Amino acid sequence: ASITSIAANPDYRPTDPDLWERVIDGVRKAVSVSAPAIEAPIQSARIATPQELTELRLKLHSNGYHPVPVVGAHVDTNSAGKRPTMPAWQTKCLTAEPHEIASWSLSQRNCTNTGILCGEIVGVDIDVLDEALSAKLAACALQSFGPTSLRRIGRAPKIMLVYRVEKPHEKLSTSDLIFGNDLEDKNARAKVEILAQGQQFVGFGIHPDTKAPYSWPDKSPLDVPLSDIPVVTLELLQRFVSEAGKILRAAGARTAK
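Residues numbered from 1 in each chain as written. Predicted model: local features only at pLDDT ≥ 70, side-chain atom pairs only at ≥ 80, totals over all residues. Heavy atoms only, no water.

S.K.: Which parts of the structure should I look at to understand the packing of aromatic side chains?
M.R.: The geometry of two aromatic rings is summed up by the distance between their centres and the angle between their planes. Summed over the entire model, instances satisfying the criterion amount to three aromatic pairs. Taking 5.4 Å as the distance between ring centres and 70 degrees as the angle between the ring planes, the aromatic pair formed by F145 and F240 counts as edge-to-face. One end of the pair, F145, is in helix α7 (residues 131-145); the other, F240, is in helix α8 (residues 234-250), and 95 residues separate them in sequence. Comparing F145 with F240 shows no difference in burial state: the two are buried. Aromatic pair F204 and W216: ring centres 6.1 Å apart, planes at 35 degrees, arrangement tilted. Remark: W216 occurs in the loop between β9 (200-204) and β10 (231-232) and F204 occurs in strand β9; sequence separation between them is 12 residues. Counting every residue linked through ring pairs, the aromatic cluster contains F145, Y163 and F240. (Phe/Tyr/Trp six-rings, centres within 6.5 Å; stacked < 30°, edge-to-face > 60°. Helix = DSSP H or I, 4+ residues; strand = E, 2+ residues; numbered from the N terminus. Buried < 20%, exposed > 50% of the residue type's maximum accessible area, 1.4 Å probe, protein only.)

So this is what it looks like as structure tokens:
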């Protein structure tokens, strides 16, 4: 919300020397990140019950979204917390009727996280752990596309912004980039991606790294019908991805090999 208000301010100037300090402070407040919070012991959050999962997914469906059952973070698998396990999930979730969605809490009982299918919507996924860079990229996206009330936090300061598109298209992405020389250090990797047709993002459930729920600092898809999401053009998305790559490289990132 702080980033949006800064970008909408008539006195907003990207060249102001204190701009990024204000943006970063706003991101910290928005996602409630502080040193004590980061250092605190990780405690697993409560897993949703089958009834809660069904109610959530049916609400998403009634709002125009296509929910996706995603394997829970508690399951012992490499895809824990982030990926669907249902065969042909892209097709099945796109056409699923309410009675099918309701059956998933039993037929997909290990899928206690819930994703949202992309296509009509895209996720502007800023997968950057450097706090200043993440804030800068988020502000750049909001300046390019305009405000959106749908901002999802998984592992802060990473952030994802949700927009609607005129026509479904394939994903867009910067190169896989890395800071430093340790190719095995996942925390040093950085990427900006537009999650699009044939993909999904987790909107609800437990994040596998933080063991805390995914959060929506402002509003979530449970509050905002798909038809009310602001529209962004493919041209603007392409331009943003190109600019994001330049910002990351200017900060010292290089192509991961």
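S.K.: Explain the packing of α7 against α8 to me, please; I cannot follow it from the model alone.
M.R.: Helix-helix packing is characterised by the crossing angle of the two axes and by the distance between the axes. As a packed pair, α7 and α8 sit with axes 10 Å apart at the nearest point and diverge in direction by 155 degrees. It follows from the interaxial angle that α7 and α8 lie roughly antiparallel. In the crossing of α7 with α8, the sense of the turn from one axis to the other is right-handed. Residues L133, K136, L137, C140, A141, S144 and F145 of α7 form the contact with α8, whose participating residues are L236, L237, F240, E243, A244, I247 and L248. Counted by class, the contact of α7 with α8 contains 11 nonpolar, one polar and two charged residues. (Axes fitted to C-alpha atoms, helices over the stretch in contact; angles between N-to-C directions. Parallel < 35°, antiparallel > 145°, perpendicular 65-115°, else oblique. Left-handed = near helix turned anticlockwise from the far one by under 90°. Contact = heavy atoms within 4.5 Å. Nonpolar A, V, L, I, M, F, W, Y, C, P; charged D, E, K, R; others polar.)

S.K.: Help me understand unusual backbone geometry in this model?
M.R.: Of all residues except glycine, most have a negative phi; of all peptide bonds, most are trans. Cis rather than trans, the peptide bond between A156 and P157 has omega equal to 5 degrees. One non-glycine residue with positive phi stands out, namely A88, at about 55 degrees. Note on placement: A88 falls in the loop between β1 (67-70) and α5 (89-95). Classification of A88 by relative accessible area gives partly exposed; the value is 47%. Of note in the backbone geometry, K211 takes a positive phi value of approximately 60 degrees without being a glycine. Its place among the elements puts K211 in the loop between β9 and β10. On the basis of relative accessible area, K211 is assigned to the partly exposed category, the value being 26%.

S.K.: I would appreciate a short explanation of the side chain of T112 in the present structure.
M.R.: Its location among the elements puts T112 in the loop between α6 (98-107) and β2 (113-117). When sequence neighbours within four positions are dropped, the list of residues in contact with T112 reads I47, L53, R57, V70, V71, G72, H74 and G205.

S.K.: Before we go on, may I ask you to explain the nonpolar core in this structure?
M.R.: Soluble globular proteins: nonpolar side chains tend toward being buried together. Core analysis: the biggest nonpolar cluster contains 30 residues, and V124, L237, F240 and L248 have the highest contact counts within it. When contributions to this core are tallied by element, the ones reaching two or more residues are β3 (121-127), α7, β5 (159-165), β8 (189-195) and α8. The element that contributes the greatest number of residues to this core is α7, accounting for seven residues. Ignoring anything within four residues of it in the chain, the contact list for V124 reads A141, F145, I159, M160, L161, Y163, E193, I194, L237 and F240. (Core = buried A, V, L, I, M, F, W, Y, C linked by side-chain atoms within 4.5 Å.)

S.K.: What is the right way to look at the state of the cysteines in this model?
M.R.: By definition, a disulfide links the sulfur atoms of two cysteine residues through a covalent bond. Evaluated as defined, the whole model comprises zero disulfides. A disulfide-free cysteine, C93 has its sulfur positioned 9.4 Å from the sulfur of C111, the nearest such atom. (Disulfide = S-S within 2.5 Å.)

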